[in-house]
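For reference, the chains in residue letters:
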Amino acid sequence: MVFDPWIRTHQRISAEILSAAPASQTMTGTVAEWEQWTGMTFPESGGYVIPGGLSLLRVDRSADHGVYREPNIWMRHS
């Protein structure tokens, strides 16, 4: 049994899990862009929880780069 309520909902109406998509949506930007987009500050490299995010924003200050990768699950309805 899966934990996620949306996946369980789809399974109840006969959907089957086909595969995981660990980076179905990937967004990149400079640290300044991420600070503008999120209204947050990122003073050091590392992972940050961002508003509305399903996963962590990974910030690399020395490279002036932030990457957000959002996972997904592919399902098929019969």
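Above this text sits the structure in question.
Structure report, in brief. Computed from a predicted structure; not experimentally measured.

Focus: the overall build of the protein chain
Thought 1: Along its length, the protein chain carries 2 helices and 4 strands.
Thought 2: For 78 residues, the compact-globule formula gives about 12 Å, and the C-alpha radius of gyration of the protein chain, at 16 Å, lies well above that figure.
Thought 3: Principal axes of the C-alpha set define a box for the protein chain whose edges measure 45 × 20 × 20 Å.
Thought 4: Within the protein chain, the proportion of its 78 residues that are buried is 21%.

Observations regarding helix α2 (residues 31-38)
Thought 1: Every buried residue belonging to α2 is among Val31, Trp34 and Thr38, and all of these are buried. Viewed end-on, α2 has its buried residues packed into an arc of 60°, placing them on one side of the element. What points out from α2, more than 90 degrees from its buried face, is the exposed set Ala32 and Gln36.
Thought 2: Close packing links the buried residues of α2 with β1 (15-29), β3 (57-60) and β4 (65-77).
Thought 3: At the C-terminal side of α2, glycine 39 shows a positive phi close to 75°.

Re the sheet that holds β3
Thought 1: Read across the sheet, 4 strands follow the order β1-β4-β3-β2 without closing on themselves; strand pairing throughout is antiparallel. Where the open sheet ends on each side, the last strands, each with one partner, are β1 and β2 (46-48). Between one strand and the next, the sheet's axes are offset by a mean angle of 25°, whatever the strand orientation.
Thought 2: Contacting β1 and β4, helix α1 (residues 5-12) crosses the sheet at an angle of about 20° to β4.
Thought 3: Across the face of the sheet, α2 comes into contact with β1, β3 and β4 while running at roughly 115° to β1.

Cut-offs applied
- Residues numbered from 1 in each chain as written.
- Predicted model: local features only at pLDDT ≥ 70, side-chain atom pairs only at ≥ 80, totals over all residues.
- Heavy atoms only, no water.
- Helix = DSSP H or I, 4+ residues; strand = E, 2+ residues; numbered from the N terminus.
- Rg over C-alpha atoms; globule rule 2.2 N^0.38 Å.
- Buried < 20%, exposed > 50% of the residue type's maximum accessible area, 1.4 Å probe, protein only.
- Arc of directions from axis to C-beta.
- Contact = heavy atoms within 4.5 Å.
- Pairing = 2+ DSSP bridges.
- Axes fitted to C-alpha atoms, helices over the stretch in contact; angles between N-to-C directions.

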